[in-house]
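Here is what each chain is made of, one letter per residue.
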Amino acid sequence: MSVLVNKNSKVLVQGFTGSEGTFHATQMIEYGTNVVGGVTPGKGGQKHLDRPVFETMSDAVKTTGADVSIIFVPPAFAADAIMEAAEAGIKVIVCITEGIPVKDMVAAREYIRGKNCTLIGPNCPGVITADECKVGIMPGFVFKKGKVGIVSKSGTLTYEAADQVVKAGLGITTAIGIGGDPIIGTTTLEAVQLFANDPETKAIVMIGEIGGDLEIQAARWIKANCKKPVIGFIAGETAPKGRTMGHAGAIVSGADESAAAKKKVMRECGIHVVDSPATIGAKVKEVLGQPARSLPPRPPPPPPPPPGRRPHLGLLAPCWGIFLIRAEFSSPSIQRFCVRYARVTPVAAFDQVALTGGPSTYELVVAITVSNVFNVIISDPSLRIDVEVETNVPEVFREVFGPTSRKR
């Protein structure tokens, strides 16, 4: 059994011949998804990716028997695409489009009530049933078959959680990215209910964010009705009140919509809440009665660099994550702890990092995206550096000594 989509799903792509539709339809086909065709008005009767292109969703459904659609249509027309898919009889509609006007989505959601269909999104990564069917934009190689369901407002954190759960040896049943817009088709509660009723799903990961009360509604239902363990995380702990952070719906407008308030309610409802996304996989494994993997032993300090060369730590990360780097220096008199970035998105960037844990210990938190590199540089070439890295993928890190291209 699976949730929403499976190997038997017949998928249509709305906006099939556009650049986004073409790229992601290709990825879906390569994953093994049964893409039976697509719709692009004005191009009906053509072939694209060796599949038929239809003028309307009604014609496409009648010809192919499709029951799932994915929408790559510009924001101005995406709400109409949702309603057209529902009218044609599609059972699961996945809308990837970001930036749909709220007024349009209010009308679209009201229109599809009673149409016997499920809308995922908009502004979402889609749905994937591991090793069976991918209807979305997520990296398919991350998801492997298992027994943990994921429901998330965040696309990137969906991939991160799936990667950790898979590496913990548990795997994924289905992952649902519900989207981060103010008006979405499937709520956190509705997605959790799907997993609660799925016999293959043994645990649920619920990832939310600041703003709204979807997570609180789900938590209270879980306390009263769900017998499966739920692991929760809320993003946006440090977000200032009243400011939109990333998603249009991620804005704290009341005391109960902050990350701290949501986590408090979730804990009271028996959800296993983690404070860092880096510990989701370990917590799932712990809750399911399997010991979490420990970090590898701390490597010995590196030898001092040759004269005239500055020591730096090069980190190569082939995946997403947030990492804590704790650097201890051989001298407490260090004046500056500098960071040189190369295509790296910092969570916190400092020229002078606050001391923690002692006079010679510095901490920096950074977010690393795919295939990026950054260097941690110290200002005194005579000092030795001893670095501890906490990450769920420690094997990708290595210490490098060499000349730097920038003087500080």
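Residues numbered from 1 in each chain as written. Predicted model: local features only at pLDDT ≥ 70, side-chain atom pairs only at ≥ 80, totals over all residues. Heavy atoms only, no water.

Participant: In this structure, what is going on with the packing of helix H3 (residues 75-88) against helix H4 (residues 102-112)? I would like to understand it.
Facilitator: Think of two packed helices as two axes; the pair is described by the angle between the axes and how far apart they sit. Running from amino to carboxyl end, H3 crosses H4 at an angle of 0 degrees, the nearest separation of the two axes being 9 Å. For the element pair H3 / H4, the angle class is roughly parallel. Along its contact with H3, which presents Ala76, Ala79, Ile82, Met83, Ala86 and Glu87, the element H4 presents Asp104, Met105, Ala107, Ala108, Tyr111 and Ile112. Classifying every residue of the contact of H3 with H4 by side-chain character gives ten nonpolar, no polar and two charged. (Axes fitted to C-alpha atoms, helices over the stretch in contact; angles between N-to-C directions. Helix = DSSP H or I, 4+ residues; strand = E, 2+ residues; numbered from the N terminus. Parallel < 35°, antiparallel > 145°, perpendicular 65-115°, else oblique. Contact = heavy atoms within 4.5 Å. Nonpolar A, V, L, I, M, F, W, Y, C, P; charged D, E, K, R; others polar.)

Participant: I keep staring at the side chain of Ser154 and nothing clicks. Help me out?
Facilitator: As for its position among the elements, Ser154 is in the loop between strand E10 (145-152) and helix H5 (155-167). With a relative accessible area of 14%, Ser154 lands in the buried category. Polar contacts involving the side chain of Ser154 include one to the main-chain amide nitrogen of Leu157, which spans 3.1 Å. (Buried < 20%, exposed > 50% of the residue type's maximum accessible area, 1.4 Å probe, protein only. Polar contact = N/O pair within 3.5 Å; in protein donor to acceptor, adjacent residues only side chain to side chain.)

Participant: Help me out: how do you make sense of H3 in this one?
Facilitator: Structural remark: α-helix, 3.6 residues per turn; residues separated by three or four positions point the same way. Helix length check: H3 (14 residues) gives 20 Å between terminal C-alpha atoms against 20 Å at 1.5 Å per residue, within 8%. What H3 keeps buried is the set Ala78, Ala79, Ala81, Ile82, Met83, Ala85, Ala86 and Ala88. Against strand E1 (11-14), helix H2 (57-64), strand E5 (68-71), strand E6 (92-95), H4 and strand E7 (118-120) lie the buried residues of H3. Of the residues flanking the end of H3, it is Gly89, one or two places downstream, whose phi is positive at about 100 degrees. (Expected span 1.5 Å × (residues − 1).)

Participant: It is not clear to me how the pattern of salt bridges should be interpreted in this structure. Could you clarify?
Facilitator: A full pass over the atoms with the stated rule returns eleven salt bridges. With its nearest N and O atoms 3.3 Å apart, the salt bridge here joins Lys167 to Asp163. Taken together, the residues span about one helical turn, with Lys167 and Asp163 both in helix H5 at a distance of four residues. According to the relative accessible area criterion, Asp163 is buried, its value standing at 13%. What emerges from the salt-bridge pattern is a single network uniting Glu237, Lys263, Arg267 and Asp275. (Salt bridge = Lys/Arg side-chain N within 4 Å of Asp/Glu carboxyl O.)

Participant: Please clarify how the nonpolar core should be interpreted in this entry.
Facilitator: Side chains of nonpolar character tend, in soluble globular proteins, to be buried together. If you look at the biggest cluster of nonpolar residues, it comprises 45 residues, and the most contacted ones within it are Ile70, Val94, Val135, Val151, Ile176, Met206 and Ile271. If near-sequence neighbours (up to four positions away) are discounted, Val135 is found in contact with Val5, Val11, Met28, Val68, Ser69, Ile70, Val94, Pro125, Gly126 and Val127. Core analysis: the next-biggest nonpolar cluster, separate from the first, contains 28 residues, Phe54, Val61, Cys117 and Leu119 among them. (Core = buried A, V, L, I, M, F, W, Y, C linked by side-chain atoms within 4.5 Å.)

Participant: Sorry if this is basic, but what is going on with the sheet that holds strand E13 (residues 230-235) here?
Facilitator: Through backbone hydrogen bonds, the strands of a sheet pair up, either in parallel or in antiparallel fashion. Read across the open sheet, the seven strands follow the order E9-E8-E11-E10-E12-E13-E14; overall the sheet is mixed. What marks the edges here is a single partner per strand, and that holds for strand E9 (133-136) and strand E14 (272-273). One ladder, built from five bridges, connects E10 with strand E12 (residues 203-209); its direction is parallel. By the bridge assignment, Ile150 is partnered in E12 with Val205. Along the sheet, H5 contacts E10, strand E11 (172-177), E12 and E13; its crossing angle with E10, the most-contacted strand, is approximately 155 degrees. Sitting on the sheet, helix H8 (residues 259-268) touches E12, E13 and E14, and the angle it makes with E13 is about 170 degrees. (Pairing = 2+ DSSP bridges.)

Participant: Before we go on, may I ask you to explain unusual backbone geometry in this structure?
Facilitator: Residue Pro122 is bonded to the preceding Gly121 through a cis peptide linkage, with omega at 10 degrees. Looking at the element boundaries, Pro122 is found in the loop between E7 and strand E8 (126-129). We note that Asp50 has phi near 65 degrees; this positive angle belongs to a residue other than glycine. Taking relative accessible area as the criterion, Asp50 reaches 66% and is therefore assigned exposed. Even without glycine at this site, Asn116 takes up a positive phi of about 60 degrees. Positionally, Asn116 belongs in the loop between H4 and E7. A residue is classified by how much of its surface remains accessible, and Asn116, at 59% relative accessible area, is exposed.

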